[in-house]
Amino acid sequence: MKRSRKVLLLCLALLLIIVGAIWNNFTGNPISSYFVDASVKDYLFLQKEYGVNEIKTINTHFSKATGRYVAEVTFQDEPDVIYHYEKRGNTVKQVYAFDITDKPLRQIIHEEKE
């Protein structure tokens, strides 16, 4: 009886680990998402010195395409442009920006040059 209980617990533990790994692979880890979100906020508010009232939204999520966490940032003065930021090592980089409207190309205000 004790031996079968140990085997059952071991099987349940392995199943939990496998399901957790698959879940993490497809949806990302909420703890990592939190740290990327905090790093992007530090970067924007402390290094780039944007005010809290200048940023409309910051949404951090796991990108299945890149396998990284991406923070999508929209600014108050540019609500139709979404900027993507990634944390790479200890630095935060603006990866790209795109206009969500069908307007012709225009100057993007907060685009960072490398």
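Relevant structure appears above.
Attention here is on the structure that accompanies the text. The structure displayed is predicted, hence computed values, not measured ones.

### Let's talk about the overall build of the protein chain
Across its full length, the protein chain carries two helices and four strands. The helix and strand sequence of the protein chain, counted from the amino end, reads α-α-β-β-β-β. A compact globule built from 114 residues would reach a C-alpha radius of gyration of about 13 Å, whereas the protein chain, at 20 Å, exceeds it by more than 25%. When its C-alpha atoms are laid out on the principal axes, the protein chain stretches across 70 × 30 × 25 Å. The burial tally for the protein chain puts 28% of its 114 residues in the buried class. Of the contacts made within the protein chain by residues no fewer than 6 positions apart, 32% connect residues no fewer than 24 positions apart.

### Some details on the environment of Gly20
By the secondary structure assignment, Gly20 is in helix α1 (residues 2–27). Along the backbone, Gly20 and Lys6 are 14 residues apart, and their C-alpha atoms lie at a distance of 21 Å.

### Here's the deal with the sheet that holds strand β2 (residues 68–75)
Across the sheet, which stays open at both edges, the four strands sit in the order β1-β2-β3-β4 with antiparallel pairing between neighbours. Since the sheet does not close on itself, it has two edges, and those belong to β1 (55–63) and β4 (91–99), each with one partner. The sheet shows a mean angle of 25 degrees between the axes of neighbouring strands, direction not considered.

### Examining the packing of aromatic side chains
Each aromatic ring pair is described using two quantities: the centre-to-centre distance and the angle formed by the ring planes. On inspection of all chains with the given rule, the structure shows six aromatic pairs. For the ring pair Tyr50 and Phe75, a centre distance of 4.9 Å and an interplane angle of 50 degrees mean the geometry is tilted. Of the two residues, Tyr50 sits in the loop between α2 (30–47) and β1 while Phe75 sits in strand β2, which places them 25 residues apart along the sequence. Given a relative accessible area of 16%, Tyr50 falls into the buried group. Arranged with centres 5.3 Å apart and planes meeting at 85 degrees, the rings of Phe75 and Tyr83 form a pair that is edge-to-face. An aromatic cluster of three or more residues is present, and its members are Tyr50, Phe75 and Tyr83.

### Details of the pairing of β4
Summarising the sheet, strand β3 (residues 78–88) and β4 pair through eight bridges and their orientation is antiparallel. Residue Ile82 lies in a different strand from β4, and its bridge partner there is Phe98. Connecting β3 to the next strand, β4, in antiparallel fashion are two residues, including Gly89 with a positive phi near 70 degrees.

The rules behind these values
- Residues numbered from 1 in each chain as written.
- Predicted model: local features only at pLDDT ≥ 70, side-chain atom pairs only at ≥ 80, totals over all residues.
- Heavy atoms only, no water.
- Helix = DSSP H or I, 4+ residues; strand = E, 2+ residues; numbered from the N terminus.
- Rg over C-alpha atoms; globule rule 2.2 N^0.38 Å.
- Buried < 20%, exposed > 50% of the residue type's maximum accessible area, 1.4 Å probe, protein only.
- Contact = heavy atoms within 4.5 Å.
- Pairing = 2+ DSSP bridges.
- Axes fitted to C-alpha atoms, helices over the stretch in contact; angles between N-to-C directions.
- Phe/Tyr/Trp six-rings, centres within 6.5 Å; stacked < 30°, edge-to-face > 60°.

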